[in-house]
Amino acid sequence: MIIDVSHHNGLIDWNVAGKYIDYAILRCGFGSNQPSHIDKQFNYNATQCEKYGIPYGVYLYSYARNFSNCKSEIKHILTRVKNRTITYPLYYDIEENSTFETGEAKNFAAYFVSAIRRNGYKAGLYSCDSSFKQYFNSIECDSKWVARYSSFPPNSNFDLWQYSSKNLVAGVKGCVDASVPLYNSIFSKESYNRYVDEVLDGKYGNGKERKDNLVRLGLNYHRIQCLVNQRICKG
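Residues numbered from 1 in each chain as written. Predicted model: local features only at pLDDT ≥ 70, side-chain atom pairs only at ≥ 80, totals over all residues. Heavy atoms only, no water.

Peer 1: Go over the overall build of the protein, please, and point to the residues and values.
Peer 2: If you tally the helices and strands in the protein, you get nine helices and eight strands. In terms of C-alpha radius of gyration, the protein reaches 18 Å, essentially the compact-globule figure of 18 Å for 235 residues. Residue burial in the protein is summarised as follows: out of 235 residues, 50% are buried. The contacts of the protein with a sequence gap of at least 6 include a subset with a gap of at least 24, amounting to 57%. Summing over all exposed atoms, the protein offers an accessible surface of approximately 11,400 Å²; the carbon and sulfur share of this is 48%. Side chains of the protein carry 29 positive and 22 negative charges; the gap between the two charge centres is 2 Å. (Helix = DSSP H or I, 4+ residues; strand = E, 2+ residues; numbered from the N terminus. Rg over C-alpha atoms; globule rule 2.2 N^0.38 Å. Buried < 20%, exposed > 50% of the residue type's maximum accessible area, 1.4 Å probe, protein only. Contact = heavy atoms within 4.5 Å. Areas by Shrake-Rupley, 256 points an atom, 1.4 Å probe, with all protein chains shown as cover. Lys, Arg positive; Asp, Glu negative; His and termini not counted. Charge placed at Lys NZ, Arg CZ, Asp CG, Glu CD.)

Below is the structure:
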């Protein structure tokens, strides 16, 4: 499971939370590159993730209404992640109606992806399902993170599905956003191997108990069981 957090989630005990999650995506801030726009918990969250070996990506919430704003937001996220150990993409979180009303949201997103990649990072985009389908489906990037709070996956192109805003994780006070990757995403190539190892070690039980335990974590039980079977057959 992947959680995304900001200062709204308060002071997180990452030593505890890290035992229940695979990765985190941390908000570094919002809007243009100004000190007042830095997420108050970002430095703490990033330092703690690095301390406890929790791989993470970073997102910035956009308020862009023109390319000047967009460029400032890119500078903002690049400034925040400098000298950090970033494993996963830098995401551009585009949700504001004022951004879509400019008619430039798709161009802002494409420019963000290009600029982030030029600076040596993986680049991703985030939005709700309907907006992603309308504006961002055709943009080539390293990760498409789509929000749809439903038991059914998004209709747009995606590799990371934010399926809940009300998940509970030990170490985090209150509810937290939770996402699950597609089995062939940049996240799951490593994480599913971990779950295969844990299944073979007996951590999740057998039969229905195993299935229930894995599904409860928001995981693709059938994918994991297939990999388990392959591992057993290979001896």
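Peer 1: Tell me about helix H3 (residues 67-81), residues and numbers included.
Peer 2: Here H3 spans 21 Å end to end across 15 residues, near enough to the 21 Å set by a 1.5 Å rise per residue. The complete set of buried residues in H3 reads Cys 70, Glu 73, Ile 74, His 76, Ile 77, Leu 78, Arg 80 and Val 81. After H3 finishes, the residue Asn 83 shows a positive phi value of roughly 70 degrees. (Expected span 1.5 Å × (residues − 1).)

Peer 1: Which residues make up the packing of aromatic side chains, and what values do they have?
Peer 2: Aromatic ring pairs are reported here in terms of the distance separating the ring centres and the angle at which the planes meet. Per the stated rule, a full pass over the model turns up 15 aromatic pairs. Ring centres 5.1 Å apart and planes at 55 degrees place the aromatic pair Tyr 61 and Tyr 63 in the tilted group. Look at Tyr 61 and you get buried, because its relative accessible area is 14%. An aromatic cluster of three or more residues is present, and its members are Tyr 59, Tyr 91, Tyr 126 and Trp 145. (Phe/Tyr/Trp six-rings, centres within 6.5 Å; stacked < 30°, edge-to-face > 60°.)

Peer 1: Residue-level account of the state of the cysteines, with values.
Peer 2: For the coordinates displayed, the defined rule picks out zero disulfides. For the unlinked cysteine Cys 49, the closest cysteine sulfur is that of Cys 28, found at 14 Å. Between Cys 128, a free cysteine, and Cys 141, which holds the nearest cysteine sulfur, the sulfur-to-sulfur gap is 16 Å. (Disulfide = S-S within 2.5 Å.)

Peer 1: Quick one: what's the story with the environment of Ile 86, residue by residue and with numbers?
Peer 2: Checked against the element boundaries, Ile 86 lands in the loop between H3 and strand S4 (90-93). Distance in space between the C-alpha atoms of Ile 86 and Asn 155 is 29 Å, their sequence separation being 69 residues. The contacts of Ile 86, once residues within four sequence positions are left out, are Tyr 56, Gly 57, Val 58, Val 81 and Tyr 121.

Peer 1: Please give an account of the environment of Tyr 52 that cites residues and values.
Peer 2: Following the sequence through the fold, Tyr 52 ends up in the loop between helix H2 (42-51) and strand S3 (56-61). Sequence-wise, Tyr 52 and Lys 19 are 33 residues apart; in three dimensions their C-alpha atoms are separated by 9.8 Å. Ignoring sequence-local partners within four residues, the contact set of Tyr 52 consists of Trp 14 and Asn 15.

Peer 1: Requested: an account of the nonpolar core, with residues and values cited.
Peer 2: Within the largest apolar cluster, 50 residues are counted, with the highest numbers of intra-cluster contacts made by Ile 3, Trp 14, Ile 77 and Leu 125. The element best represented in this core is helix H5 (residues 105-118), accounting for seven residues. Ignoring anything within four residues of it in the chain, the contact list for Ile 77 reads Cys 28, Val 58, Tyr 59, Leu 60, Leu 90, Tyr 91, Phe 112 and Ile 116. Tyr 23, Tyr 59, Trp 145 and Ala 147 belong to the second largest nonpolar core, which has eleven residues in total. (Core = buried A, V, L, I, M, F, W, Y, C linked by side-chain atoms within 4.5 Å.)

Peer 1: An account of the side chain of Glu 198 is needed here, citing residue identities and associated values.
Peer 2: Relative to the assigned elements, Glu 198 resides in helix H7 (residues 188-200). A polar atom in the side chain of Glu 198 sits 2.6 Å from the side chain of Tyr 204. Contacts of Glu 198, omitting those with residues within four sequence positions, involve Lys 203 and Tyr 204. (Polar contact = N/O pair within 3.5 Å; in protein donor to acceptor, adjacent residues only side chain to side chain.)

Peer 1: So what's going on with the sheet that holds strand S8 (residues 176-181)? Residues and values would help.
Peer 2: With mixed pairing, eight strands are arranged side by side around a closed barrel as S1-S2-S3-S4-S5-S6-S7-S8. Within the sheet, the average angular offset between the axes of one strand and its neighbour, ignoring direction, is 30 degrees. Across the sheet, H3 touches strand S2 (23-30), S3 and S4, and the angle it forms with S3 is around 150 degrees. Contacting strand S5 (123-128) and strand S6 (143-147), helix H6 (residues 129-136) runs over the sheet at an angle of about 125 degrees to S5. (Pairing = 2+ DSSP bridges. Axes fitted to C-alpha atoms, helices over the stretch in contact; angles between N-to-C directions.)

Peer 1: Please provide a residue-by-residue account of the pattern of salt bridges, values included.
Peer 2: With the rule as written, the count across this model stands at six salt bridges. A salt bridge links Asp 39 to Arg 27; its shortest N-O distance comes to 2.8 Å. Of this pair, Asp 39 sits in the loop between S2 and H2 while Arg 27 sits in strand S2, and the two are twelve residues apart along the sequence. Each member of the pair, Asp 39 as well as Arg 27, carries the same accessibility label: buried. Between Asp 142 and Arg 117 there is a salt bridge, with the nearest N and O atoms lying 3.1 Å from each other. Residue Asp 142 is located in the loop between H6 and S6, and its partner Arg 117 is located in helix H5; the two are separated by 25 residues in the primary sequence. (Salt bridge = Lys/Arg side-chain N within 4 Å of Asp/Glu carboxyl O.)

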